[in-house]
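Coordinate inspection notes
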Amino acid sequence: MPRGRYSLHDPHDHTPLGEEHFHCAPGPSGWRYVSQTVTPSGDHAGSVDLAVDELGRPIRLELNAASWQVRGAALDGVTWVRTDPTGTHATEGNVRAHAFTGTSPAFLVAITRLLRLTPGSPETRLRLVAFTDPVLAPLTVDQSWALLRSETHATDNGPLVVDEYQVSALDTGERHTVHIAGDVVLAAPGIELEALETPPSVFP
């Protein structure tokens, strides 16, 4: 069960946004990721609980931030309920999308489980519902993903396969790269892996 810590920052001006302390593990029905986020000053900022099935579809999502809460799952696309701090204005949403996304590295791993890309395969387009900080407002985004290469690195714990993905935002044309090993994000815009207590899990 990988356990560690990511630092989060604004991908454009590199302003520190805090840290995400996580643990994750594959299981008989898929993969689960649980984390707590803290501000740069160390105050509690929110939490993430994401479970995907063996095909990478989100079967349960719970996000908490700034007293807002989102619960969602793959249902007729993706469906969610967003609740305000007082609980009096809960709103439901549904979009014909493939999955969820947001600032947590969990979403990047979940998307790779959904796509199952191979190096050299054509770009794959997908529609996502992003929950944006600080109040988890839903936003539908279109991206394309391509697996550029997979490289094997020797480590003290055996070989480590690192996948390099190219992600394109279809509305702006902006492109960036994401490096993932198993179920751990090594580097991505706004995300740096700062500590890892156990090696990444290897998916079958």
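Residues numbered from 1 in each chain as written. Predicted model: local features only at pLDDT ≥ 70, side-chain atom pairs only at ≥ 80, totals over all residues. Heavy atoms only, no water.

Inspection of the sheet shows strand β11 (residues 137-155) paired to strand β12 (residues 158-169) by 12 bridges, in the antiparallel sense. Residue pairing across strands places R149 opposite E164, the latter belonging to β12. Between the antiparallel neighbours β11 and β12 lie two residues. Of the strand pairs in this sheet, β12 and strand β13 (residues 175-181) are connected by six bridges, and their pairing is antiparallel. Following the sheet pairing, E164 is matched in β13 by H179. Hairpin remark: β12 followed by β13, antiparallel, with five residues in the connecting loop; positive phi at G173, about 80 degrees. (Pairing = 2+ DSSP bridges. Helix = DSSP H or I, 4+ residues; strand = E, 2+ residues; numbered from the N terminus.)

Further remarks concern the pattern of salt bridges. Here the idea is simple: oppositely charged side chains can pair when their charged atoms come close. In this structure the tally under the stated criterion is eight salt bridges. One salt bridge connects E19 with R5, and the closest N-O pair in it is separated by 3.0 Å. Within this pair, whereas E19 is found in strand β2 (residues 16-27), its partner R5 is found in strand β1 (residues 3-9), the two being separated by 14 residues in sequence. By relative accessible area, E19 is classed as partly exposed at 26%. R5 gets classed as partly exposed once you look at its relative accessible area, which sits at 26%. For D49, the salt bridge goes to R32, with nearest N and O atoms at 2.7 Å. Note that D49 is positioned in strand β4 (residues 44-53) and R32 in strand β3 (residues 30-38), a separation of 17 residues in sequence. You can call D49 buried: its relative accessible area is 17%. Through salt bridges with shared partners, a single network forms among R32, D49 and R60. (Salt bridge = Lys/Arg side-chain N within 4 Å of Asp/Glu carboxyl O. Buried < 20%, exposed > 50% of the residue type's maximum accessible area, 1.4 Å probe, protein only.)

Glancing now at the environment of H12. The topology assignment puts H12 in the loop between β1 and β2. Classification of H12 by relative accessible area gives exposed; the value is 62%. Distance in space between the C-alpha atoms of H12 and G72 is 29 Å, their sequence separation being 60 residues.

Moving on to the layout of surface pockets. As a volume, the second largest pocket reaches approximately 510 Å³. In this structure, the second largest pocket is lined by 24 residues; those nearest its centre are V161, A181, G182, S201 and V202. Top element by residues in the lining of the second largest pocket is β12. It accounts for six residues. Residues that form the lining of the second largest pocket fall into these classes: 13 nonpolar, seven polar and four charged. (1 Å grid on protein atoms, 1.4 Å probe; cavity = no way out; pocket = protein on both sides within 12 Å on 5 of 7 lines; lining within 4 Å. Points joined across faces, edges and corners; volume = space filled by probe spheres on them. Nonpolar A, V, L, I, M, F, W, Y, C, P; charged D, E, K, R; others polar.)

Function cannot be inferred from these measures alone, as they are strictly geometric.
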